[in-house]
Amino acid sequence: KLRKPIIISDGFDPTNTRHFNELYDLLNRENFIEKARAEGFDIVILDYTDGGDYIQRNAYVLISLINTINSHLSYNHSASQLIVIGRSMGGLISRYALYYMEQNLLTHNTRLYISFDSPHLGANIPLGDQLWLDFFATYAGKQSAIDAIAQLNTPAAQQMLVYHFSSNSLRETLIKDINKL
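Residues numbered from 1 in each chain as written. Predicted model: local features only at pLDDT ≥ 70, side-chain atom pairs only at ≥ 80, totals over all residues. Heavy atoms only, no water.

## Things to note about the nonpolar core
Note on soluble globular proteins: their nonpolar side chains tend to be buried together. Counted only if it meets this: To define a nonpolar core, start from buried Ala, Val, Leu, Ile, Met, Phe, Trp, Tyr and Cys residues and group those joined through side-chain atoms within 4.5 Å. Exposed residues in this analysis have more than 50% of their type's maximum accessible area, buried residues have under 20%, and partly exposed residues fall in between, with area computed by a 1.4 Å probe over protein chains only. Numbering of helices and strands runs from the N terminus; a helix is a DSSP stretch of H or I covering at least four residues, while a strand is a stretch of E covering at least two. In what follows, residue pairs with any heavy atoms lying within 4.5 Å of each other are defined as contacts.
Core analysis: the largest hydrophobic core is formed by 25 residues, its most contacted members being Ile7, Ile55, Leu62 and Ile69. Those elements giving two or more residues to this core turn out to be strand 2 (42-46), helix 3 (55-75), strand 3 (82-87), helix 4 (89-103) and helix 7 (155-160). When residues in this core are grouped by element, the largest group, eight residues, is from helix 3. Residue contacts for Ile7: discarding those within four places in its chain leaves Val44, Leu62, Leu65, Ile66, Ile69, Leu82, Ile83, Val84 and Ile85. By size, the runner-up hydrophobic cluster in this structure holds ten residues, among which are Ile8, Leu27, Ile45 and Ile83.

Structure (structure tokens):
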């Protein structure tokens, strides 16, 4: 039975290689998860299927999870409200999801939103570094550079980066999308 849920939204993982055990260990530094569980909280860790997908698309996954958890709380006759924690890009996803729900008059039942290490004003990887990677990926065929460019070209990276070596139109689209809500 869910009684006092804390949702933890994972961050940027474009290769989808970070899984539950690693997430648990990462989040349980300083025994955060164990202390919260000892105080009666239920920990729900959301690891996105595509950690490099559009922020909005992952926000809709979080909205679905929030609705499911709220249904369980209602079924269990719990008056508890959610705590939503977003780590890195998960902070942006969580912020977008909660704001979307508020603007569309959907009940999120969240009493506390915590964001840490999230690039709310945009992320910065210097353009020179991006172009250097692109050069070594394109002309030298270096696998590590090819892998890095693939990560930079994910929708999420393009949405978070203030400047992207090819364009920053996805960031502009995200900002416009948020302003339309």
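Picking up where we left off.
## So, the environment of Gly11
Considering the arrangement of structural elements, one finds Gly11 in the loop between strand 1 (5-9) and helix 1 (20-27). Placed 76 residues apart in sequence, Gly11 and Arg87 show a C-alpha to C-alpha distance of 5.4 Å. With sequence-adjacent residues up to four places away left out, Gly11 is seen in contact with Arg18, Gly51, Arg87, Ser88, Met89 and Gly90.

## Quick look at the packing of aromatic side chains
Heads up, the rule is: Between rings of Phe, Tyr and Trp, where Trp is taken as its six-membered ring, a pair exists when centres lie within 6.5 Å; planes separated by under 30 degrees are stacked, by over 60 edge-to-face, and by other angles tilted.
For the coordinates displayed, the defined rule picks out seven aromatic pairs. Centre to centre, the rings of Tyr60 and Tyr100 are 5.3 Å apart; their planes meet at 80 degrees, and the pair counts as edge-to-face. Residue Tyr60 is found in helix 3, and its partner Tyr100 is found in helix 4; the two are separated by 40 residues along the sequence. Tyr100 gets classed as partly exposed once you look at its relative accessible area, which sits at 22%. Relative to Tyr139, the ring of Phe135 lies with its centre 5.4 Å away and its plane at 40 degrees, an arrangement referred to as tilted.

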